[in-house]
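Survey of secondary and tertiary structure
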Amino acid sequence: MKALRNVSAALYVMLLYGFIFLPVLVLITFSFQESRLPVPPFDGPSFKWYQAILHDRRLMEALSNSVVVALLSSAASVVLGFLAAFSLARFTLPGSRFLQGLLTAPLTVSYLIIAMGLLITFNEFGVPKSLLAIGIGHVVINMPLCFAILYSQMGEHQHNVERAARDLGAGEWQVIFLISVPMLWPALFASFFLSITFSWDEFIIAFMVSKFDVTLPVEIWSMLRSGLNPKTNAVGSLVFLVSFVLVLFLELIVFRKSRS
Amino acid sequence: MLTPALLWTLAFFIMPLVIMATYSLWERAGMTLVHSLSLTNYEKFFDKSYFIGSLVNSIEVTVIVTVVSVLLAYPLAWILAERVPRRWQRLALILAILPFWTSYVVRSYSWLLVLSEGGIISNFLLDLGLTQNPVSFANNRGATVVGFVHFFVMLLTLTIYANLAQLSPSYRKAAADLGAGPMRIFIYVILPLTMPGIMVGAFLTFVLCIGDYITPQILGGNRELLLPQTMMLQISRRSDFPMASALAMILMAVVSLVYIACARWLKLDRI
Amino acid sequence: MTVPAVQFLNIGMRFGSLAALTNINLSIDEGAYVVLLGPSGGGKTTLLNILGGFLQPTLGQVKIYGNDVTDIPAAKRPTATVFQDYALFPHMNVASNVAFGLKMRKLPARERRERVDRMLDMVGLGHADDLKVHQLSGGQRQRIALARSLVVKPGVLLLDEPLGALDMKLRRQMQGELKEIQARVGTTFVHVTHDQEEAMAIADTIVVMNNGSIEDVGIPERVYLKPGSRFTANFMGENNIIKGRVSKSAGDRVAVETGHATLQVAGTAAVDDRVFVSIRPEHLHVNPGEGRISLAEGRVIDSGFLGTHRQCTVWVESVEESFKIRLTQTQILAPGDTVSLYVDPVDAVLLTD
């Protein structure tokens, strides 16, 4: 009886993992397709589509745009989120609960609605569609996250250490830079990393408030207009590879260090 | 110190919502906007089957996706938490998330590679001789559901697993000690105690799914549109910001209702 | 000769290469309050889990009222357990929690209700049936856990460090209540703890366990005053262990030559054997008296007032050892004072391990 349960469990897991991996495996396999259509039969392997991406100027520009937008908007999100979390955690302000709710509210609204809101607002005030607009949108969605993570880490223990520092004569900004920030390092890093992840792959806001300069997901979207194309496969596989390597790097180097 | 964050939220989140709410009460007339307040857009929504139909479609699809994803995810979360040796659990979870590390857009696109005419499944059926001509499973509601379930099974597995993993083993022992067999332990103890994980995951699934434009646009075909697609059409094809705003308000209302329902449910069953 | 409530026959338990229990043979009488006492990792919780059916022993048999239950899972054994963290079901109210075992036994609702109400009254929480678990205090949760296990009328009730999470005062109070409840229901209780004072306060029989073996079994008085092993002597309370050599042996008395005096103690050993003698601090006196012999001379190096008594540490130069002694509240000795130690050999315990 137990053997039957174990076999059915194993079968279920295999089926489900198969389902989860199927599209990505197909994607990667046919990115090495020789012919024009990324569907069976497989006549590769060929790297020509990867070469095509690397030589695609628009694509490469979109890629660097994505990186810039992600880095800058995430940095802004972390800084704003940290300042907000610090002031709410350290100083008793009236309506603190309400302010917390207000700052985390964007987490509850669909990106599509935020995107539309920004589009209409920018349109109303004559703000041009641009990478800056995308960046602004990304701060809107990421800052609440940073705030929430950092606020949750500013507990009593942290507070006491800061009080000790003040007791020893440190000024406000010294406390922040010499004590609070270093102590919060893991949370700061986590929020920064999370923000980059969300910004990097974000589509709908970028799609709606950009025009000529676009980010990678938007550029990929326009590639979809040409239907099934191994070039699209190659881009997707490359993004996958980069993410994989990045996480591996983090896991091995950054997290191993903190664990030892 | 607090002010930059507050100002940002007010300027780029609150204000746009207020502007959208206002726009929803205006009307588009040619190239300009009629600035008198009226409920015409909302009336149009309830009148035209085109509009209200897309909301109904969205709700139907979202409900199906949520239910199917929960049913598929729970056993997987269970097996990962209970049957997989502790050492391998983290790896198993990472493996489950791995395929989603590619762009969300590309992920949806990859289902086209599987479901399209001439795609993987089509070829498979041809090779087996089960069909004479290439078959397409894409560009319909089913494909959209598959595309969504693919993503949300992963999400729900995570939330349910997290809930299962932090359950104290004492509950199981106590129930067994008092005479409950494995089935009754599950029904009376485990299932109720994992409801929070299910509800949180289901709520996230509902909200993310109903507001998603990408998956239905890539996989759904043109015959049946979901609400996000209708919204985008108002902007791209018709430049009808007021109508789009009204649809956005309606979407927010639907999500808020579901949120209230979930919050109330969770409070009733407070742990 | 009635059948014992519990019998452990040659129980052994291995976890991989670790031997958690070795050759446990123990018999527990019906209606007794037995305490398994020992340090963490000593095996007492493992033995309890084996009795409860949560662990299968690698070797040996478990019998409950003469029936071999070794292969029977927890759900079907006539035992009920009070867990260390209580394991009350957070999503059910008090009444449902307590009724759970009865529900599993398919008792009709009305009967369940009656028995639950009676049990809640017995533990002093008759008004609490609608409350949720998170609304209860630690002590109240402890009682509900007890009620939940007792209401199913188990053959043996198991308690896994049930008072560990409570503060000192509450613990003392609960010890009395547990003893009282046990006397009232007459069920055999097997209680695990690492607190020797708790064990002495409530047990009919104490089983001292260490490193997977049973060190000593007996009533509290005997285990404390005449410990069977060095570990037991040390574990049961403050203790002075003196090394010695047997100089004479006759019947059940031996003469032990320590560095200080020769002690005539009860026990058997061969001449020239290296042995230990245990003397409790309260049995070392600073004045001569009836039956006492002079043991050693020393200097006080430490003195502390502990409320009920004064405790001092005396350094004896000749053997380079320190002794712990107890004085009354009014006897005052300060560090630096010289002192003579006397003992009545009847209070000395021979330990041959």
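Residues numbered from 1 in each chain as written. Chains lettered and ligands numbered in written order. Predicted model: local features only at pLDDT ≥ 70, side-chain atom pairs only at ≥ 80, totals over all residues.

1. Here we look at the pairing of strand E16 (residues 293–305) of chain C
All names here are of chain C. In the sheet, E16 pairs with strand E19 (residues 338–343) via six bridges, with the strands oriented antiparallel. Across the sheet, residue Ile293 finds its bridge partner in E19, namely Val343. Pairing between E16 and strand E17 (residues 310–316): six bridges, direction antiparallel. Bridge pairing in E17 links Gly304 to Gln311. Counted between consecutive antiparallel strands, the loop separating E16 from E17 contains four residues, among which Gly307 sits at a positive phi close to 90 degrees. (Pairing = 2+ DSSP bridges. Helix = DSSP H or I, 4+ residues; strand = E, 2+ residues; numbered from the N terminus.)

2. A word on the interface of chain C and chain B
Chain C puts 17 residues into the contact, and the matching count from chain B is 17 residues. If you list the elements that add at least two residues to the side of chain C that touches chain B, you get strand E6 (79–82) and helix H2 (94–104) of chain C. With three residues, H2(C) is the single largest residue contributor to the side of chain C that touches chain B. In terms of residue class, the side of chain C that touches chain B is made up of eleven nonpolar, four polar and two charged. (Contact = placed C-beta atoms within 7 Å. Nonpolar A, V, L, I, M, F, W, Y, C, P; charged D, E, K, R; others polar.)

3. Some thoughts on the sheet that holds strand E2 (residues 18–28) of chain C
Residues and elements named next belong to chain C. Spatial ordering of the open sheet is given by E2-E1-E4-E5, a layout of four strands whose pairing is antiparallel. Whereas interior strands pair on both sides, the edge strands pair on one side only; in this sheet they are E2 and strand E5 (67–68). Judged from the five bridges that link them, strand E1 (residues 6–15) and strand E4 (residues 59–64) form a sheet pairing that is antiparallel. From the neighbouring strand, Phe8 faces E4, where its bridge partner is Val62.

4. Let's talk about the packing of helix H6 (residues 131–153) of chain A against helix H9 (residues 185–201) of chain A
All names here are of chain A. One way to put it is that H6 packs onto H9 with a least axis distance of 9 Å and a crossing angle of 155 degrees. Judged by the inter-axis angle, H6 sits roughly antiparallel to H9. Relative to H9, H6 is oriented so that their crossing is right-handed. Facing H6, whose interface residues are His138, Ile141, Asn142, Leu145, Cys146, Ile149, Leu150 and Gln153, H9 presents Ala187, Ala190, Ser191, Leu194, Ser195, Phe198 and Ser199. (Axes fitted to C-alpha atoms, helices over the stretch in contact; angles between N-to-C directions. Parallel < 35°, antiparallel > 145°, perpendicular 65-115°, else oblique. Left-handed = near helix turned anticlockwise from the far one by under 90°.)

5. Some points on the interface of chain A and chain B
If you look at the interface, chain A gives 57 residues, while chain B gives 55 residues. At the level of elements, helix H1 (2–29), helix H3 (57–90), helix H4 (96–104), helix H5 (111–124), H6, helix H11 (216–223) and helix H12 (230–259) of chain A are the ones that each hand at least two residues to the side of chain A that touches chain B. Considering every element that reaches the side of chain A that touches chain B, the biggest residue donor is H1(A), with eleven residues. Grouping the amino acids of the side of chain A that touches chain B by side-chain chemistry returns 47 nonpolar, eight polar and two charged.

6. Concerning the packing of H6(A) against helix H1 (residues 3–24) of chain B
Remark: H6(A) packs on H1(B), axes separated minimally by 10 Å, with the N-to-C direction vectors making an angle of 135 degrees. In terms of orientation, H6(A) and H1(B) fall into the oblique class. H1(B) is crossed by H6(A), and the crossing has left-handed handedness. Taking contact as the criterion, the partners of Ile136(A), Val139(A), Val140(A), Met143(A) and Phe147(A) in H6(A) are, on H1(B), Ala5(B), Trp8(B), Phe12(B) and Phe13(B).

7. A few points about the arrangement of the chains
Among the two pairs of chains that make contact, the interface with the largest number of contacts is formed by chains A and B. The closest approach of any C-alpha atom in chain A to one in chain C is 15 Å; the two make no contact.

8. Some points on the nonpolar core
For soluble globular proteins, nonpolar side chains are generally found buried alongside one another. Judged by nonpolar contacts, the single largest core of 137 residues is most densely connected at Ala85(A), Ala115(A), Met116(A) and Ile205(A). When residues in this core are grouped by element, the largest group, 14 residues, is from H6(A). Ignoring anything within four residues of it in the chain, the contact list for Met116(A) reads Met208(A), Met20(B), Met231(B), Ala244(B) and Ala248(B). Leu48(C), Ala80(C), Tyr86(C) and Leu284(C) belong to the second-largest nonpolar core, a separate cluster that totals 103 residues. (Core = buried A, V, L, I, M, F, W, Y, C linked by C-beta atoms within 7 Å. Buried ≥ 20, exposed ≤ 12 C-beta atoms within 10 Å, placed from the backbone.)

9. Things to note about unusual backbone geometry
Glycine aside, residues mostly have negative phi, and peptide bonds are mostly found in the trans state. Here the residue pair Pro40(A) and Pro41(A) is connected by a cis peptide bond, since its omega of 0 degrees sits within 30 degrees of zero. Counting through the fold element by element, Pro41(A) comes out in the loop between H1 and helix H2 (48–55). Look at Asn10(C): it is not a glycine, yet its phi comes out positive at around 50 degrees. Relative to the helices and strands, Asn10(C) resides in strand E1.

10. Side note on the environment of Val349(C)
All names here are of chain C. Here Val349 lies in strand E20 (residues 349–351). C-alpha separation for the pair Val349 and Ser278, spaced 71 residues apart in sequence, amounts to 5.0 Å. Non-local contacts of Val349, meaning those with residues more than four positions away in its chain, are made with Lys226, Pro227, Ala233, Val277 and Ser278.

Taken by themselves, the reported measurements are silent on function.
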